[in-house]
Amino acid sequence: MATPTTGKYDQYLNKKFSFKTSLTLFLVIALVVWSFLYTGFNFSDLMVGIPQIGSFFGQMVPPDWSYLSTITKPMLDTIRMAIVGTFLGSIVSIPVALLCASNIVKTKWITIPSRFILNIVRTIPDLLLAAVFVAVFGIGQIPGVLALFILTICVIAKLFYESLETIDPGPMEAMTAVGANKIKWIMFGVVPQTMSTFLSYVLFAFEINIRASAVLGLVGAGGIGLFYDSTLGLFQYPKTAMIILFTLVIVVIIDYVSSKVRERLA
């Protein structure tokens with residue numbers, strides 16, 4: 001049976017919860033309105049631009065099917081860039097994730113700076129990375145591979161160290177009790193619990209890299225993106241449409257295969 005004191009306490013909690021909800025809703029609405037005002041977004045301009053979008057896509061029809069033979073090799077270059085960047089980045093992401101995981105490396109002066117550096121690198125867009133590497137190494141596939149390499153480290157290391165912090169500590173505590181060193185502790189206590197998760201993250205990063213590598217060429221980083229830039233710049237829209245369709249087919253195939261593999265790893 002509820003006492004008068006309990007009833008007053010419930011009323012206080014309800015009022016407090018209602019106040020927090022109202023304040024949160026007000027802040028969200030204020031943020032949305034402020035964003036609309038300062039970006040200059042309005043639906044009238046959008047309605048004016050929609051017919052122009054239709055006209056633009058209308059110039060892409062029909063696609064230039066003869067252009068397929070020209071872009072086959074650049075598309076293969078794009079896929080190879082994604083494979084190399086994902087492979088190298090996934091290897092380097094393992095020690096980075098281990099350094100960031102607080103239950104693996106229990107020294108805060110190592111884990112905190114590692115996470116801070118990882119977060120800093122994650123804020124750099126992949127196109128900016130590619131542009132920097134193009135300025136250093138010149139136009140070609142090397143800048144694209146390096147940009148995807150860093151992108152892969154950022155994606156996998158972030159996801160993987162968060163996954164590492166949720167593993168069962170029991171096996172590691174048992175190995176510590178019998179005097180196992182750090183390497184054996186990781187190999188037999190951590191790896192068996194995280195291998196399938198790590199491989200799933202690698203496939204996920206590969207999907208991201210396929211999409212990213214398709215546009216890195218816009219800044220001169222090799223691959224099919226160079227042809228996006230040239231055909232759009234020369235107003236050869238049927239050729240651009242062919243590139244888009246070809247990229248779509250490749251991405252859909254890779255996404256399907258990757259999803260099937262991840263289902264088996266789950």
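The shown structure was predicted, so the numbers you read here are calculated from the model rather than taken from an experiment.

Focus: the UniProt feature "transmembrane region" (unreviewed entry) in the protein
- Within this numbering scheme, the UniProt entry marks residues 21-41, 82-104, 185-204, 210-228 and 240-258 as carrying the feature "transmembrane region" (unreviewed entry).
- Spanning residues 82-104, this segment combines 83% helix with 0% strand, and its end C-alpha atoms are found 30 Å apart.
- Across residues 240-258 one finds 100% helix and 0% strand; the C-alpha atoms that close the span lie 27 Å apart.

Here we look at the nonpolar core
- Residues Ile104, Ile156, Phe160 and Leu164 are the most contacted members of the largest nonpolar core, which totals 32 residues.
- The element best represented in this core is helix α6 (residues 141-164), accounting for 10 residues.
- Non-local contacts of isoleucine 156, meaning those with residues more than four positions away in its chain, are made with Ser90, Ser93, Phe198, Tyr201, Val202 and Ala205.
- Ile71, Ile79, Ala214 and Ile243 belong to the second largest nonpolar core, which has 16 residues in total.

Looking at the pattern of salt bridges
- Taken as a whole and assessed by the stated rule, the structure comprises three salt bridges.
- The partner of aspartate 77 in a salt bridge is arginine 80, with the nearest N and O atoms 2.5 Å apart. Residue aspartate 77 and its partner arginine 80 are located together in helix α3 (residues 68-100), separated by three residues, close to a single helical turn.
- Between lysine 158 and glutamate 162 there is a salt bridge; the shortest N-O distance is 3.0 Å. A residue pair is termed a helical-turn pair when its members lie 3 or 4 positions apart in one helix, as lysine 158 and glutamate 162 do in helix α6 at four residues.

Some points on the environment of serine 259
- Structurally, the position occupied by serine 259 is in helix α11 (residues 237-265).
- By relative accessible area, which is 23% here, serine 259 ends up partly exposed.
- Along the chain, serine 259 and glutamate 207 lie 52 residues apart, while their C-alpha atoms are 9.8 Å from each other.

A short note on a nonpolar patch on the surface
- Together, Val28, Val32, Phe36, Phe41, Phe43, Leu46, Met47, Ile50, Ile53 and Phe57 give the surface a local cluster of nonpolar side chains, amounting to about 950 Å² of exposed area.
- Every element with two or more residues in the nonpolar patch is listed here: α1 (4-39) and α2 (43-58).
- The leading source of residues in the nonpolar patch is α2, at six residues.
- Relative to the elements of secondary structure, isoleucine 53 occurs in helix α2.

About the criteria used
- Residues numbered from 1 in each chain as written.
- Predicted model: local features only at pLDDT ≥ 70, side-chain atom pairs only at ≥ 80, totals over all residues.
- Heavy atoms only, no water.
- UniProt positions renumbered as here; feature names shortened; annotations may be inferred.
- Helix = DSSP H or I, 4+ residues; strand = E, 2+ residues; numbered from the N terminus.
- Core = buried A, V, L, I, M, F, W, Y, C linked by side-chain atoms within 4.5 Å.
- Buried < 20%, exposed > 50% of the residue type's maximum accessible area, 1.4 Å probe, protein only.
- Contact = heavy atoms within 4.5 Å.
- Salt bridge = Lys/Arg side-chain N within 4 Å of Asp/Glu carboxyl O.
- Patch = residues over 30% accessible without salt bridge, like charges linked within 9 Å, V, L, I, M, F, W, Y side chains within 5 Å.
- Areas by Shrake-Rupley, 256 points an atom, 1.4 Å probe, with all protein chains shown as cover.

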